[in-house]
Amino acid sequence: MTELNQTLIRALQVTEILQLRRQLSLKELAITTGFSKQSILRCLDTLIFRGWVRKRVNDGCYIWIGLPTVANNYNCQDWAKQCMGKVQQLSLATGLVADLALLDEHHKLTIVDSTRLRGSEGININVTGYQPSLAMTALGRAFWFAKSELKFNQSYQQILNTADLFERIYLQQGHWRQELECFQEYGYTQRLSTDYIPQIVKDSAASKAFAVAIIGPDEPLGALNLVWDKLQLDSEEVIKKHLPALLKCAEDIHKQLLKTSPIADNLRASKFDT
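Below is a summary of the structure that appears in this document. It should be emphasised that the depicted structure is a prediction, and the values quoted were computed from it without experimental measurement. (Residues numbered from 1 in each chain as written. Predicted model: local features only at pLDDT ≥ 70, side-chain atom pairs only at ≥ 80, totals over all residues. Heavy atoms only, no water.)

1. So, the overall build of the protein chain
- On a plain count of helices and strands, the protein chain comes out with 10 helices and eight strands.
- Within the protein chain, buried positions represent 52% of all 274 residues.
- Contacts in the protein chain between residues at least 24 apart in sequence constitute 59% of all its contacts with a sequence separation of at least 6.
- A total of about 14200 Å² of accessible surface is found on the protein chain, and carbon and sulfur atoms cover 52% of it. (Helix = DSSP H or I, 4+ residues; strand = E, 2+ residues; numbered from the N terminus. Buried < 20%, exposed > 50% of the residue type's maximum accessible area, 1.4 Å probe, protein only. Contact = heavy atoms within 4.5 Å. Areas by Shrake-Rupley, 256 points an atom, 1.4 Å probe, with all protein chains shown as cover.)

In structure tokens, the structure reads:
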């Protein structure tokens, strides 16, 4: 009888489970496979090295990216893997939480990772995957405002036609116009008292945030924000102090994403219909 390679079998089983479940913690992988954490970590280290898996920053879960093929060159998880080191450095330098939102494979703005820790300001640790409103979140507005005039107007009509009642009312009341002027002059948007608070936010209605766009060759690639929940901090002072660092990080991410030629080709070829 042929002797099987047990190490390879373990690695393949970990790979198969991550493909099916998309994201799991080390503990969940150990329970599911029955393997020791040490043996699973060896498998994961190899998969991470090959670029098939990445470890998410905010909760340490392992996320399946996929084998590097032409079909999945445009992969927001792969982008996140490349960029989150810079986002972590931004958080450490400012002392604030940062969220990174990029276009997903369906060209929808999606939070791909965050430096939020478990329980940070009541945010669910699975904040990644949330698609922020283009009208009623700082991240969404920064992304929307950075679009070309044609794409900006298309998004406006799309929101009016398909968004929920609160978003439509928000646009019709024109609250966003002042934010647009601020963005055009200073390059940022900030969370407003009228902003939409998603289900993933449990107790953070009082938290504050400001965001900038991540610019692409023709259209924005995403948005980056800084968040804080200490009400005694003055928003204007925080923005004045940390805006240069936030803008620089967004620019560094832009450069990072354009370094790899397949990604750059995808970006230039994409229509970015969000």
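There's more to say after this.
2. With respect to helix α1 (residues 6-21)
- The terminal C-alpha atoms of α1 lie 22 Å apart, and with 16 residues this matches the ideal 22 Å at 1.5 Å per residue to within 8%.
- Those residues of α1 that fall on the buried side of the exposure criterion are V14, T15, I17 and L18. When α1 is viewed along its axis, its buried side chains cluster within an angular range of 165° and face the same direction.
- Residues of α1 that are buried make contact with β1 (23-24), α2 (26-33), α3 (37-50), β2 (53-55) and β3 (62-64). (Expected span 1.5 Å × (residues − 1). Arc of directions from axis to C-beta.)

3. Digging into the nonpolar core
- L100, F210, I214, L224 and I253 are the most contacted members of the largest nonpolar core, which has 29 residues in total.
- Among the elements that take part in this core, helix α9 (residues 235-259) stands out by supplying eight residues, more than any other.
- Residues L134, F143, W176 and A223 belong to the second largest nonpolar core, which totals 26 residues. (Core = buried A, V, L, I, M, F, W, Y, C linked by side-chain atoms within 4.5 Å.)

4. Description of the packing of aromatic side chains
- Counted under the stated rule, the structure contains 11 aromatic pairs.
- Ring plane angle 45° and centroid distance 5.2 Å describe the contact between W144 and W176, whose orientation is recorded as tilted. Separated by 32 residues along the polypeptide, W144 in helix α5 (residues 138-145) and W176 in helix α8 (residues 176-186) bring together distant segments of the chain. Pair check on accessibility: W144 and W176 agree, each one buried.
- Arranged with centres 6.4 Å apart and planes meeting at 35°, the rings of Y186 and Y188 form a pair that is tilted.
- Looking at Y186, the relative accessible area reads 46%, which means it is partly exposed. (Phe/Tyr/Trp six-rings, centres within 6.5 Å; stacked < 30°, edge-to-face > 60°.)

5. Brief notes about the side chain of H242
- Counting through the fold element by element, H242 comes out in helix α9.
- In this view, H242 contacts T94, L96, F210 and L226; residues no more than four positions away in its chain are not counted.

6. So, α2
- Within α2 the residues assigned to the buried category are L26, L29, A30 and T33. Projected onto a plane normal to the axis of α2, the buried residues spread over an arc of 100° and lie on a single side. Facing away from the buried side of α2, by more than 90 degrees, are the exposed residues K27 and I31.
- Tucked inside the fold, the buried residues of α2 contact α1, β1, α3 and β3.
- Just downstream of α2 lies G34, where phi reads positive at about 80°.

7. Things to note about the layout of surface pockets
- A volume near 290 Å³ is recorded for the largest pocket.
- As for the largest pocket, its lining consists of 14 residues, of which K108, P132, L134, Q158 and I159 are closest to the centre.
- Top element by residues in the lining of the largest pocket is helix α6 (residues 149-162). It accounts for three residues.
- Grouping the amino acids of the lining of the largest pocket by side-chain chemistry returns six nonpolar, five polar and three charged. (1 Å grid on protein atoms, 1.4 Å probe; cavity = no way out; pocket = protein on both sides within 12 Å on 5 of 7 lines; lining within 4 Å. Points joined across faces, edges and corners; volume = space filled by probe spheres on them. Nonpolar A, V, L, I, M, F, W, Y, C, P; charged D, E, K, R; others polar.)

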